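Structure assessment
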Amino acid sequence: MKSYQSKERSVVKNNVKKMTIAIIVAMSIFLTSMGVALADHRETIVYLNNNRNAHVPTWDQPRNIGGFKMGCGATAWAIVYGYWKQHKGKIQLFDGNSINTEESSPPVVTATSEIAKHIRTYYHEKFDDGDIKRPGSTRPRNMCDGIKYAQSHGYPHSRCWKITGSEFDKFEHIKRYLENDRPVILNYDTEGHGATNHYGVIEGVKKIEERVGNSWRNRDIWYYINNGHGKQEWISARQVGRNISQIYTVTNIFLITVSENPLPEASDVNEEACKEWCQQNQDKCAMCSSHSGCGPGYESIKAFKEQDKNWYACRKRDTHRAGHSESNRLECEAWCRENPGCVKCSTIYGCGKDYRHLKSWAGQGNNWHACARREPSSRDEASDKHFRECKEWCDSNPDCVHCTTLKGCGPDMKTLKSWTGWGRNWHACSVSDRQLASQENEQACRDFCNVNNCTCSTRRGCGAGKKSIKSWTGRGTNWHACVDR
């Protein structure tokens with residue numbers, strides 16, 4: 001009897017569950033048909049050539065004659081040029097030679113080496129143990145000179161634009177380039193130190209917006225990049241609220257066009273982009289102008305700055321609001337002069353990093369806030385102590401390469417010692433045993449091939465038209481000496 005009652009209750013629960021799901025689905029269909037969005041967030045995702053499966057070459061950094069990796073800057077340029085050659089018909093790149101998937105192929109090595117000279121890549125000293133060489137580094141101000149390679153190899157009208165600004169401004173530029181099948185170079189920080197240290201190639205970009213009332217507000221920007229180490233990954237450059245990403249800083253993007261024919265003037269490109277944006281935002285944009293201030297009665301709300309001749313989206317100036325904003329500013333500055341603890345007035349709510357809020361003037365117009373310097377917290381002091389102890393320990397231990405806040409120390413690295421507890425954690429890092437073994441295999445292969453007229457590859461079997469004559473295997477990445485069949 002009890003078994004029958006239990007079975008009956010189970011059937012009733014399942015029926016109720018099915019009815020509930022059916023009701024929810026029916027309500028969703030009804031609300032959607034009425035134009036009501038159910039989600040509080042929405043995403044805009046764009047991939048290269050609007051194709052999720054379109055990828056640039058997955059090359060790692062090739063080495064120069066001295067054994068140094070040529071650096072992420074030159075590699076990023078080579079990857080971009082590889083895509084333009086393979087998918088956009090720019091066959092004169094790489095001296096007209098065919099390129100395969102190996103970054104160690106002679107045409108790729110030669111082109112990357114030439115690009116590294118154009119962008120003035122510089123190379124570091126050896127580590128203390130003398131076995132590993134740091135990859136080359138390139139300053140952002142020199143990166144656009146990589147376009148000189150294309151200009152000297154049959155495409156004299158090629159251009160590069162360095163773009164800064166907010167992540168949402170960069171998103172609009174990147175979206176337009178990806179939709180036109182043009183990969184973009186990204187300069188970003190991989191360790192959370194606040195200073196950029198790497199270049200990658202953008203294959204996709206995603207913007208997440210949040211519903212606030214009846215409008216949508218920008219929230220997050222994500223980049224889908226080829227990181228120059230043979231793989232793709234999503235990284236986050238800006239998140240509202242707590243930043244759970246390991247990427248903290250993105251400073252520049254580099255927009256690249258390879259062309260043998262004259263391109264439209266930058267002013268024409270900016271004007272077209274401004275008018276397109278203004279058409280999409282008619283509720284706030286009144287016109288486009290080449291004047292930075294937009295002229296009497298107007299103010300700039302967005303700038304379009306591809307290279308030099310800028311254009312600006314403009315809205316009508318609210319003179320009543322502007323008067324209140326100015327009044328708030330003057331009252332704040334007067335109060336600040338009379339109070340020794342106040343060091344500045346700001347429109348930033350909370351006064352920003354390293355400052356604390358004292359008093360506000362709000363209402364119509366822009367709000368203004370009186371600010372004082374924030375005393376270092378005990379957590380900040382603990383973080384600094386962890387860093388100093390890690391740096392001191394690292395300087396006295398030859399196996400230690402650097403200190404980082406990145407848990408696990410990152411790809412191809414291992415943690416030697418950690419300083420944890422109150423404050424930010426710091427970790428002393430060394431090259432992983434697997435990476436050391438990989439580098440030993442690679443070096444042994446290259447030494448062998450220098451004598452035996454062959455090439456080295458990590459591909460088992462060496463690829464089409466090739467065969468392996470000797471292999472170095474074990475714990476790390478396997479390397480194979482290859483010759484033509």
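See the structure shown above.
Right, let's walk through the structure included here. (Residues numbered from 1 in each chain as written. Predicted model: local features only at pLDDT ≥ 70, side-chain atom pairs only at ≥ 80, totals over all residues. Heavy atoms only, no water.)

1. Remarks on a negative patch on the surface
Note the following rule: The patch calculation keeps residues exceeding 30% relative accessible area without a salt bridge and links them within 9 Å when they carry like charges or within 5 Å when they are nonpolar (Val, Leu, Ile, Met, Phe, Trp, Tyr). Only the protein chains shown count as cover for residues, with accessible areas throughout obtained via the Shrake-Rupley method and a probe of 1.4 Å. A side-chain nitrogen of Lys or Arg and a carboxyl oxygen of Asp or Glu constitute a salt bridge if their distance falls within 4 Å. For this count, His and the chain ends are skipped, Lys and Arg are scored as positive, and Asp and Glu as negative. Charged side chains are reduced to one point each, which is NZ for Lys, CZ for Arg, CG for Asp and CD for Glu. Numbering of helices and strands starts at the N terminus; helices are DSSP runs of H or I of at least 4 residues and strands are runs of E of at least 2.
Taken together, Asp354, Asp380, Glu381 and Asp384 make up a surface patch of like negative charges. With respect to the secondary-structure elements, Asp354 resides in the loop between strand E11 (344-346) and strand E12 (355-361).

2. Some details on the environment of Arg211
Examined against the element boundaries, Arg211 turns out to sit in strand E4 (residues 198-212). The sequence separation of Arg211 and Asp40 amounts to 171 residues, and the corresponding C-alpha distance is 5.1 Å.

3. Considering the sheet that holds strand E18 (residues 466-472)
Where we set the bar: DSSP bridges decide pairing: two strands pair if at least two such bridges lie between them. Axis lines are fitted to C-alpha atoms, over the contacting stretch for helices. Their N-to-C directions set the angle, which ranges from 0 to 180 degrees.
Strand order in the open sheet made by the three strands is E17-E19-E18, with antiparallel pairing throughout. Two strands lie at the open edges of the sheet, namely strand E17 (455-457) and E18, each paired on one side alone. Averaged over all pairs of adjacent strands, the angle between strand axes in this sheet comes to 40 degrees, irrespective of strand direction. As judged from the six bridges shared by E18 and strand E19 (residues 479-484), these two strands associate in the antiparallel manner.

4. Describing the pairing of strand E7 (residues 250-257)
Selection rule: Residue burial is assigned from relative accessible area. The probe radius is 1.4 Å, only protein chains are included, and a residue is buried under 20% of its type maximum, exposed over 50%, and partly exposed in between.
Among the eight residues that make up E7, seven are buried, leaving the element largely enclosed by the rest of the structure. Of the strand pairs in this sheet, strand E2 (residues 159-163) and E7 are connected by five bridges, and their pairing is antiparallel. Paired with Trp161 across the strands is Leu255, a residue of E7. Two elements, strand E3 (residues 184-188) and E7, share four bridges in a ladder whose sense is antiparallel. Paired with Leu186 across the two strands is Ile253, which belongs to E7.

5. With respect to the sheet that holds strand E10 (residues 311-316)
The strand order E8-E10-E9 describes an open sheet built from three strands, whose pairing is antiparallel. The strands lining the two open edges of the sheet, one partner per strand, are strand E8 (287-289) and strand E9 (298-304). Neighbouring strand axes in the sheet, compared pairwise and without regard to direction, differ in orientation by 35 degrees on average. Summarising the sheet, E9 and E10 pair through six bridges and their orientation is antiparallel. Bridge assignment links Lys302 to a residue of E10, and that residue is Ala313.

6. Considering helix H9 (residues 378-395)
Using the following cut-off: Each helix should span, by expectation, one fewer than its residue count multiplied by 1.5 Å. Note on contacts: a residue pair qualifies if any of its non-hydrogen atoms lie within 4.5 Å across the two residues.
When the terminal C-alpha atoms of H9 are compared, their 26 Å separation across 18 residues agrees well with the 26 Å that a helix rising 1.5 Å per residue should span. If you follow the buried residues of H9, they end up packed against strand E14 (402-404), strand E15 (413-419) and strand E16 (426-431).

7. Quick word on unusual backbone geometry
For Asn50, which is not glycine, the phi torsion reads 55 degrees and is therefore positive. When you line up the elements, Asn50 lands in the loop between strand E1 (41-47) and helix H2 (72-87). Phi is positive for Asp95, which is not a glycine, with a value near 55 degrees.

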